[in-house]
Amino acid sequence: MTVRSARPRLVVGSLAGLAIMAGTLGFAAASPAQAAPAKNGQVVVQTDVLSADAALTIADAAMKEAARRKQRVTVVIVDRSGVTRLVLKGDGAGPQTEESARRKAFTAVSFGKTTSELGKGVTGGGPNIADIPGTLFLGGGVPVVSGGAPVAGIGVGGAPSGDIDEAIAQEGLKAVAGRLR
C-alpha cells in the first residue's frame, strides 16, 4: 500500500488557482523580456534609506519631547517598504502603543502625508483607504521625506490625543530635518 501526501496536490492546485485568478484579473507574470526598464534603461534602481543613526536621533528627540510633555509613548520608525527599523517603548507606555505607533508610521510612509491629514479624508460608509490592512488614520504618524519622496515613517502612540502624538513625532523629525535632501 502506497501512502501519498496531499501536500503536493494542494500546492499544485493552489498554484493553478492563482494562475487562473491572475489571468482573470488581468495580471501577467513578467518575464525578463517583458520587464519594463527603469529610467534611462536601468533594470536595477536604488532607493534612499534612512540611516540607523538618523532613526536613533529621531527616536531620541521624540522621547525627549514626550518626557518634556510628561507622556508615556512608544516611537516606531519604518522604512519605505513599511518594515520596522526601530521600536523605542518609553517607560510606562501601554501595551497598545507599539502597534498603534507602528501602524501610524506605516500609514505615513505609505501615503507620504501625516496621519492626521489623511484622517480628515476618511469619511462615509463606503470603502476607503482606511480599509487597507495595517493602516491607522489617527494623528501621530509623520513621513520622513528626502528628495521629494517618503523614505521612512515615524509613528508615536500613547499620548491621550493624536495631536500630541504627532507633535512628538514632528519634534523627532526636526532633529534630522537639516540633514535630509
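Above this text sits the structure in question.
This structure is a prediction, so every number in the text was calculated from the model and none was measured.

Scoring rules and cut-offs
- Residues numbered from 1 in each chain as written.
- Predicted model: local features only at pLDDT ≥ 70, side-chain atom pairs only at ≥ 80, totals over all residues.
- Heavy atoms only, no water.
- Salt bridge = Lys/Arg side-chain N within 4 Å of Asp/Glu carboxyl O.
- Helix = DSSP H or I, 4+ residues; strand = E, 2+ residues; numbered from the N terminus.
- Buried < 20%, exposed > 50% of the residue type's maximum accessible area, 1.4 Å probe, protein only.
- Pairing = 2+ DSSP bridges.
- Axes fitted to C-alpha atoms, helices over the stretch in contact; angles between N-to-C directions.
- Contact = heavy atoms within 4.5 Å.
- Expected span 1.5 Å × (residues − 1).
- Arc of directions from axis to C-beta.

## Notes on the pattern of salt bridges
At step 1: The final tally for this structure, using the stated rule, is 8 salt bridges.
At step 2: Linking Arg 181 and Asp 48 is a salt bridge whose minimum nitrogen-to-oxygen distance equals 2.2 Å. Here the residue Arg 181 occupies a position in the segment after helix H5 (162–174), and Asp 48 occupies one in the loop between helix H1 (7–25) and helix H2 (52–68), the gap between them amounting to 133 residues.
At step 3: For Arg 102, the salt bridge identified is with Glu 99, shortest N-O distance 2.7 Å. In this pair, Arg 102 and Glu 99 both sit in helix H3 (residues 97–111), 3 residues apart, roughly one turn of the helix.
At step 4: Look at Arg 102 and you get partly exposed, because its relative accessible area is 25%.
At step 5: For Glu 99, a relative accessible area of 40% translates into the label partly exposed.
At step 6: One network of salt bridges, in which partners are shared, links Glu 65, Arg 68 and Arg 69.

## Things to note about the sheet that holds strand S3 (residues 141–146)
To summarise the sheet geometry, strands pair through backbone hydrogen bonds and adopt either a parallel or an antiparallel arrangement.
At step 1: Pairing in this open sheet of 4 strands is antiparallel, and the strands run S2-S1-S4-S3 from one edge to the other. Whereas interior strands pair on both sides, the edge strands pair on one side only; in this sheet they are strand S2 (84–89) and S3. Averaged over all pairs of adjacent strands, the angle between their axes in this sheet comes to 15°, without regard to strand direction.
At step 2: Lying on the sheet, H3 is in contact with strand S1 (74–79), S2, S3 and strand S4 (149–157); it crosses S4 at an angle near 155°.

## Regarding the pairing of S3
Two faces, one strand: in a regular strand the side chains alternate between the faces of the sheet.
At step 1: Counting buried positions along S3 gives 5 out of 6 residues, so the element sits mostly inside the fold.
At step 2: The pairing of S3 with S4 spans 6 bridges and is classified as antiparallel. Across the sheet, residue Val 144 finds its bridge partner in S4, namely Ala 152.
At step 3: Between S3 and S4, which pair antiparallel and follow one another directly, the connecting turn spans 2 residues, one of which, Gly 147, has a positive phi of 65°.

## A short note on H5
At step 1: The end-to-end C-alpha distance of H5, which contains 13 residues, comes to 18 Å, matching closely the 18 Å that a straight helix rising 1.5 Å per residue would cover.
At step 2: Turning to H5, its buried residues number three or more, namely Asp 165, Glu 166, Ile 168, Ala 169, Gly 172 and Leu 173. Here the buried residues of H5 occupy an arc of 160° about the axis, which is enough to place them on one side. When the buried face of H5 is taken as reference, the exposed residues oriented beyond 90 degrees from it are Asp 163 and Lys 174.
At step 3: Buried-residue contacts for H5 involve H2, H3, helix H4 (115–119), S3 and S4.

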